[in-house]
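# Overview (structure and organization)
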Amino acid sequence: MTGVRNLILVLGDQLTPTLSSLAAGDPSRDRVLMAELHDEATYVRHHKKKIAFLFSAMRHFAEELRSLGWTLDYVKLVAPDNQGSFSGQVAHAAATHRPDRIIITEAGEWRVMEMMKDWQSQFSIPVDILPDDRFLCAHAAFKHWASSRKQLRMEYFYRDMRRQTGLLMDGDQPVGGKWNFDADNRKAADIDLFMPRPKNCAPDAITQEVLALVDARFDNHFGDLAPFWFAVTRADAEAAFTAFVQQALPHFGDYQDAMLAGEPFLYHAVISQYLNCGLLDPLRICQQVEAAYRAGKAPLNAAEGFIRQIIGWREYVRGIYWLKMPGYEHENFFGHTRLLPDFYWTAETDMACIKAAVSQTKKQAYAHHIQRLMVTGNFAMLAGIDPHELHQWYLSVYADAYEWVELPNTLGMSQFADGGLLASKPYAASGAYINRMSNYCGSCRYDVKQRTGRAACPFNALYWDFIARHRDKIANNPRMAQMIRTYDKFAADEQQRIADSAKTFLASL
Ligand code: FAD
Ligand code: DLZ
Ligand code: SF4
């Protein structure tokens, strides 16, 4: 077959009709290639629900493109001509269709970008790699911002993004006179509160076929397929977001840091899986949130807090990823080498907070930010888990996980493995923090008030042992100095009990 002018490869996290590669093409002459690939599903062993979500969203997106007039090669996982990898599939399509050019939007992950860069010489066809303009900050703009700074703090980046987008601005001033209302966002949730639920979407025939496929082909991957309620179309993802704005956004700020047993979602949006694969548009949803605030339907601390997560944190971690890759994935400031304990996969632990976070991760492929940061992440850092192993865990177990967003959050924010490039201090905390922000401790076999001994909350001795072990590395951080002083005031026999308790606990892992 001849005559295809351009071959446009659309990746599984590029499910956006206005994608730069599609915008550069012409439905009447070009051909789109999409493929369900064994290599992509297994480069880490992704959660079953994540694979099912993405395959179903890809199949629905293929239908959307066909309805827009595009001709597609959609290669299902079991198709006889499935080559198993991006490079293999593009080689096959290039040989079949002999296009004049290949057009692609840049990949989110460094790993895939490296493959793409080889294709021009590998296939002797010009390859155009276009910027991903679904993000609000281009790579060059972030590099430029970073080059003018001594410290790459998110807060200053965020202010520039507010100015650039005009979100929540009154002229050149932030609405409400302050850039950041985070200080208002530290409430612990109460079990009596009305708890909204993310919008549930019943699996249609396409999703059911995919669920059966994933069940059969990825049986040895972590995670439950049921219940499956994720949106897999743009319309349903947008409806899920609107439901969040109406029901949960008003409390989003207040309870952003809270954790409650049996309530995996609280007032969170549960939209990162939709945003990261292109079913939702970051700027549009921020505009929707600002409109809710301006209409008096959400307070400023909620609207500002939400918008900061999207135009601030989300864009900032992507900038850091592309600034520091390759190499960032191997950073290990504290030199931690311990293997990831089995309970990160089985949830079989007496620590109620970890049991809750891992159980819901297995069931939902979701945990909210504070569970990721202050429960599983905090524990791993205190216990000295190898950050690279932990990174692979986070990358595989969450429906929203792609390396560009997961790696800086894991290595930089939660493990301080980059030595403070991203975070201003290690997010280390004892059981007291978890007790303040959750109701997990009440039902835990450990006593959060005890520092040492077999009945004591393991986070406590591990926390003080972490401070003692790494004091040289953290002593010049003004935000850690107070904790070192407190440790130094403990009597020598208490310091010894801390070391013994931590050692005994770690030996039991
Ligand atoms: P909400 O709390 O409702 O926030 C709204 C949106 O803001 C999110 O959907 C997300 O798009 C954005 N956002 C909030 N915080 C961050 C952040 N720190 N970085 C980037 N975007 C943010 N997020 C991912 O999208 N993919 C990941 O693989 C991922 N891995 C993480 C690993 C660790 C160790 C930590 C501490 C955080 C990680 N995050 C990741 C960030 C955050 O936990 C999730 O974005 C959030 O929990 C998604 O749930 P939500 O949609 O209910 O978010
Ligand atoms: C995550 C993922 C999975 C599980 N499967 C596929 C797939 O079969 N086909 C595909 O095109 N993309 C998939 N993805 C998303 C890619 O891994 C993602 O596009 C790259 O990591 C680049 O960001
Ligand atoms: Fe977690 Fe410690 Fe509380 Fe148990 S007592 S839930 S281990 S913080």
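Here is a short report on the structure shown in this document. (Residues numbered from 1 in each chain as written. Chains lettered and ligands numbered in written order. Predicted model: local features only at pLDDT ≥ 70, side-chain atom pairs only at ≥ 80, totals over all residues. Heavy atoms only, no water.)

Pairing is parallel in the open sheet, where five strands are placed in the order β3-β2-β1-β4-β5. Both outer strands of the open sheet, β3 (71-75) and β5 (127-130), are each paired with one neighbouring strand and no more. Across this sheet, the average inter-strand angle for adjacent strands is 20°, counted without regard to direction. For strand β4 (residues 101-105) and β5, the ladder comprises four bridges, and the chain directions are parallel. (Pairing = 2+ DSSP bridges. Helix = DSSP H or I, 4+ residues; strand = E, 2+ residues; numbered from the N terminus. Axes fitted to C-alpha atoms, helices over the stretch in contact; angles between N-to-C directions.)

Below, the discussion takes up the layout of surface pockets. Estimated volume of the second largest pocket: approximately 370 Å³. Lining the second largest pocket are 20 residues, with Tyr446, Arg454, Thr504, Phe505 and Ser508 sitting closest to its centre. Counting residues per element, the ones that place at least two in the lining of the second largest pocket are α20 (458-469) and α23 (492-507). (1 Å grid on protein atoms, 1.4 Å probe; cavity = no way out; pocket = protein on both sides within 12 Å on 5 of 7 lines; lining within 4 Å. Points joined across faces, edges and corners; volume = space filled by probe spheres on them.)

Here we come to the site of ligand 1. Taken together, 28 residues surround ligand 1, and among them His268, Ala269, Val270, Asn276 and Tyr366 come closest. In this structure, an oxygen atom belonging to ligand 1 sits 2.7 Å away from a side-chain N or O atom of tyrosine 366. The fraction of the free accessible surface of ligand 1 (820 Å²) that becomes covered by protein chains is 99%. Among the elements of the structure, α11 (272-277), α13 (300-324), α16 (369-383) and α18 (403-414) are those that each provide at least two residues to the shell around ligand 1. (Near = heavy atom within 4 Å. Polar contact = N/O pair within 3.5 Å; in protein donor to acceptor, adjacent residues only side chain to side chain. Areas by Shrake-Rupley, 256 points an atom, 1.4 Å probe, with all protein chains shown as cover.)

Per the counting criterion, the structure on display carries 30 salt bridges. Between arginine 59 and glutamate 36 there is a salt bridge, with the nearest N and O atoms lying 2.6 Å from each other. Here arginine 59 is found in helix α3 (residues 48-67), whereas its partner glutamate 36 is found in the loop between β2 (31-35) and α2 (38-42), with 23 residues between them in sequence. You can call arginine 59 buried: its relative accessible area is 10%. Glutamate 36 sits in the buried class, given a relative accessible area of 0%. Several salt bridges converge on common partners, so that one network encompasses Glu36, Arg59, Lys76 and Glu209. (Salt bridge = Lys/Arg side-chain N within 4 Å of Asp/Glu carboxyl O. Buried < 20%, exposed > 50% of the residue type's maximum accessible area, 1.4 Å probe, protein only.)

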